[in-house]
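For reference, the chains in residue letters:
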Amino acid sequence: MTDAELAAHLAEVAGRILVNVRESGLFGPAALGKAGDQTANQFLCRALRETRPEDGLLSEEEKDDEARLAKSRVWIVDPVDGTREYGEARADWAVHVGLAMDGVPAAGAVALPGLNGGTLLRSDRPVPVPPAPEKLRMVISRTRPAKEAVAVAERLDAELVPMGSAGAKAMAVILGQADIYLHSGGQYEWDSLAPVAVAQAHGLHCSRIDGSPLIYNQRDVYLPDLLICRKDHADKVLHLIAELP
């Protein structure tokens, strides 16, 4: 398999595993999140070490091995992005599997197992992004909306669309459920690598909120802010962010 095919296959299989764990009925909401994280992480990390043994690996659910810093190719995964939503039996959670090459998103897939019986978006099979409506929609955290996002939405007269995981929010732009994803409340590399790889393959703008590029496989994996939107909206949004106090 190519790297993109592998990312898609692993994200899809991990999604099915997570659905089975949730439907087992053995765990309450709090325990379910932990069980899902551990089970999906074990599968993804074992599979990547088996199929790409020379590559580096960074997962939210494993102790960081800084040997990855010497690698050109590094897989970055989030076994359950949106653990709270997964535990609450919501649809807005995701599985992220992505590959960074020399710090740049190279391939990736985001599985949305709870959406429409299972939806998979991948960097090697872009689909048409629906046109934006006259009134733009900005997707934000359903529990901790970033103040910068709310302020920019007000200036754009955009509708706010609350949603769970970062992956679900990023894919909402591709699926035509939203037009802008602006986040400034703190994230890590595993929150955005796969979504950015997929979004870029679909022709979307992806950057930090100051317009600088997103760089991965860093010693400090904290990557706190993110903008994903159609390219024709990017300059306006970046300008409004820069004007904020």
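In what follows, the structure referred to is the one given above.
Before going into details, it helps to say that this report is about the structure given with it. (Residues numbered from 1 in each chain as written. Predicted model: local features only at pLDDT ≥ 70, side-chain atom pairs only at ≥ 80, totals over all residues. Heavy atoms only, no water.)

## Here we look at the sheet that holds strand β3 (residues 94–101)
Quick note on the threshold: Here, any two strands with at least 2 DSSP bridges between them count as paired. Each helix is a run of H or I in the DSSP string that is no shorter than four residues. Each strand is a run of E no shorter than two, and both are numbered from the N terminus. In this analysis, axes come from line fits to C-alpha atoms, helices being fitted only over the stretch in contact, and the angle between any two N-to-C directions falls in the range 0 to 180 degrees. We call two residues in contact whenever any of their non-hydrogen atoms come within 4.5 Å of each other.
Judged by pairing direction, the sheet is mixed, and its 5 strands sit side by side in the order β1-β2-β3-β4-β5 without closing on themselves. The two strands at the open ends of the sheet, each matched to only one other strand, are β1 (56–59) and β5 (119–122). Strand-to-strand, the axes of this sheet are offset by a mean angle of 15 degrees, without reference to chain direction. Direction of pairing for β1 relative to strand β2 (residues 73–81): parallel, over a ladder of 4 bridges. Counterpart to Leu-58 in the pairing with β2 is Ile-76. On top of the sheet, helix α2 (residues 29–51) reaches β1, β2 and β3; it is set at about 160 degrees to β2, its chief contact. Against the sheet, helix α5 (residues 166–174) touches β2, β3, β4 (104–112) and β5, its axis set at about 95 degrees to β4.

## Regarding the packing of aromatic side chains
Formally: Any pair of Phe, Tyr and Trp rings, taking the six-membered ring for Trp, is counted once the centres come within 6.5 Å. Such a pair is stacked with planes under 30 degrees apart, edge-to-face with planes over 60 apart, and tilted for the rest. Only protein chains enter the accessibility calculation, which uses a 1.4 Å probe. A residue is then buried if its area is under 20% of the maximum for its type, exposed if over 50%, and partly exposed in between.
Taken as a whole and judged by the stated rule, the model has 3 aromatic pairs. Taken together, a centroid distance of 5.3 Å and an interplanar angle of 15 degrees make the contact between Tyr-188 and Trp-190 stacked. Given the relative accessible area of 37%, Tyr-188 is considered partly exposed. The exposure class assigned to Trp-190 is buried, which follows from its relative accessible area of 10%. Through successive ring pairs, a cluster of aromatic residues spans Tyr-188, Trp-190 and Tyr-222.

## Regarding the pattern of salt bridges
Our working rule: Here, a salt bridge means any side-chain nitrogen of Lys or Arg that lies within 4 Å of a carboxyl oxygen of Asp or Glu.
Taken as a whole, this structure holds 14 salt bridges when the rule is applied. A salt bridge links Arg-73 to Asp-3; the shortest N-O distance between them is 2.8 Å. In this pair, Arg-73 sits in strand β2 while Asp-3 sits in helix α1 (residues 3–23), placing the two residues 70 residues apart along the sequence. Exposure remark for Asp-3: the relative accessible area of 18% places this residue in the buried category. Residue Glu-88 is joined to Arg-142 by a salt bridge in which the shortest nitrogen-to-oxygen separation is 2.6 Å. Residue Glu-88 is found in the loop between α3 (83–87) and β3, and its partner Arg-142 is found in the loop between β6 (137–141) and α4 (147–156); the two are separated by 54 residues along the sequence. Salt bridges linked by common partners bring Asp-3, Arg-52, Asp-55 and Arg-73 together as one network.

## Looking at the sheet that holds strand β8 (residues 180–183)
The strand order across the open sheet built from 5 strands is β7-β6-β8-β10-β9, with neighbouring strands paired in mixed fashion. Of all the strands in the sheet, the pair left with one neighbour each is β7 (159–163) and β9 (205–207). Direction aside, neighbouring strands of the sheet carry axes that sit 20 degrees apart on average. Across 5 bridges, β6 lies against β7 in parallel orientation. The residue of β7 that forms the bridge with Ile-140 is Pro-162. Here α4 sits on the sheet in contact with β6, β7 and β8, set at roughly 165 degrees to β6. Here helix α6 (residues 189–201) sits on the sheet and contacts β9 and β10 (226–229); the angle it forms with β10, its principal contact strand, is near 30 degrees.

## Some words on the packing of α4 against helix α7 (residues 231–243)
Threshold: Roughly parallel refers to an angle under 35 degrees, roughly antiparallel to one over 145, roughly perpendicular to one between 65 and 115, and oblique to any angle outside these ranges. Note on convention: near helix rotated counterclockwise from far helix by under a right angle means a left-handed crossing. Clockwise means right-handed. Amino acid classes used here: Ala, Val, Leu, Ile, Met, Phe, Trp, Tyr, Cys and Pro are nonpolar; Asp, Glu, Lys and Arg are charged; the rest, including Gly, are polar.
Following both chains from N to C, one finds α4 and α7 inclined at 120 degrees, their axes separated by 10 Å at the closest point. When the axis of α4 is compared with that of α7, the two are oblique. Judged by the sense of rotation from one axis to the other, the crossing of α4 with α7 is right-handed. Taken together, the residues of α7 that come into contact with α4 (itself represented by Val-152, Arg-155 and Leu-156) are Lys-236, Val-237, Leu-240 and Ile-241. Of the residues that constitute the contact of α4 with α7, the class distribution is 5 nonpolar, no polar and 2 charged.

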